[in-house]
Amino acid sequence: LEKRQLEFLYPEKKDYFFLDVDQLEHVLVPGEVVGDRVNYLKEGTQVSATFYGDKTFSVELPQFLEVMIVQTESFSGDGAVVSNSTKRAVLETGGELEVPTFIEVGDMVKVDTTTNEYIQRI
């Protein structure tokens, strides 16, 4: 097994093109290998991939990524700020997660990719 650093380029139908940063070659990774990690892939995201020969077995994201919020649920409270209130947000990558109610469209947030949790606003 061999570990290699890849950089996400773009989706290709159900698969994904990456750049092998050491060999400067394009690598097509099957969609079933990427799985739900696609919710955090944007152009330039670096991942660690495990290969056996030319076959990709797994793709690992960095634990923390910074992504932009592109859509949020409207939140109508009673005027009182509740510190543990959350709302659903859509990331620039298409993924979704719960964020505090003060997060707005256009905000950059730090996300834990292993737990799919909001960490902080950037």
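For clarity, every value in this text was computed on a predicted model and none was experimentally measured.

**Quick word on the overall build of the chain**
Alright, step 1. For the chain, the helix and strand inventory stands at one helix and ten strands.
Alright, step 2. Secondary structure elements of the chain, listed N to C terminal, follow the sequence β-β-β-α-β-β-β-β-β-β-β.
Alright, step 3. Dimensions of the chain, computed from the C-alpha atoms along their principal axes, are close to 60 × 25 × 20 Å.
Alright, step 4. If you take every contact in the chain between residues at least 6 apart in sequence, the share linking residues at least 24 apart comes to 41%.
Alright, step 5. Carbon and sulfur atoms form 48% of the exposed surface of the chain, whose accessible area is close to 7,500 Å².
Alright, step 6. Each charge class in the chain can be summarised by its mean position, and for the 11 positive and 22 negative side chains these summaries are 2 Å apart.

**A few points about the packing of aromatic side chains**
Alright, step 1. One pass over the full model with this rule turns up four aromatic pairs.
Alright, step 2. Ring geometry for F8 versus Y16: centroids 6.3 Å apart, planes at 50 degrees, classification tilted.
Alright, step 3. Since its relative accessible area comes to 6%, F8 is described here as buried.
Alright, step 4. Under the relative-accessibility criterion, Y16 is labelled buried at 13%.
Alright, step 5. The ring centre of F51 lies 3.8 Å from the NZ or CZ of R4, which sits over that ring.
Alright, step 6. When the ring centre of F64 is taken as reference, the NZ or CZ atom of K110 above it lies at 4.9 Å.

**A few points about the pairing of strand β4 (residues 46–52)**
Alright, step 1. Burial runs high along β4: five of the seven residues are buried.
Alright, step 2. Here strand β1 (residues 2–12) runs beside β4; their pairing, made up of six bridges, is antiparallel. Residue pairing for β4: K3 is matched across the bridge by T50.
Alright, step 3. Inspection of the sheet shows β4 paired to strand β5 (residues 55–60) by five bridges, in the antiparallel sense. The residue of β5 that forms the bridge with T50 is S58.
Alright, step 4. What sits between the antiparallel neighbours β4 and β5 is a turn of two residues, in which G53 has the positive phi angle 65 degrees.

**Concerning the pattern of salt bridges**
Alright, step 1. Enumeration over the complete set of coordinates arrives at eight salt bridges.
Alright, step 2. Among the ionic pairs, R4 bridges to D20, the shortest N-O distance being 2.8 Å. Of this pair, R4 sits in strand β1 while D20 sits in strand β2 (residues 15–20), placing them 16 residues apart in sequence.
Alright, step 3. For K42, the salt bridge is made with E92, and the minimal N-O distance between the two is 3.3 Å. Note that K42 is positioned in the loop between α1 (31–34) and β4 and E92 in the loop between β7 (86–91) and β8 (96–100), a separation of 50 residues in sequence.

The rules behind each value
Residues numbered from 1 in each chain as written. Predicted model: local features only at pLDDT ≥ 70, side-chain atom pairs only at ≥ 80, totals over all residues. Heavy atoms only, no water. Helix = DSSP H or I, 4+ residues; strand = E, 2+ residues; numbered from the N terminus. Contact = heavy atoms within 4.5 Å. Areas by Shrake-Rupley, 256 points an atom, 1.4 Å probe, with all protein chains shown as cover. Lys, Arg positive; Asp, Glu negative; His and termini not counted. Charge placed at Lys NZ, Arg CZ, Asp CG, Glu CD. Phe/Tyr/Trp six-rings, centres within 6.5 Å; stacked < 30°, edge-to-face > 60°. Buried < 20%, exposed > 50% of the residue type's maximum accessible area, 1.4 Å probe, protein only. Lys NZ or Arg CZ within 6 Å of the ring centre and 35° of its normal. Pairing = 2+ DSSP bridges. Salt bridge = Lys/Arg side-chain N within 4 Å of Asp/Glu carboxyl O.

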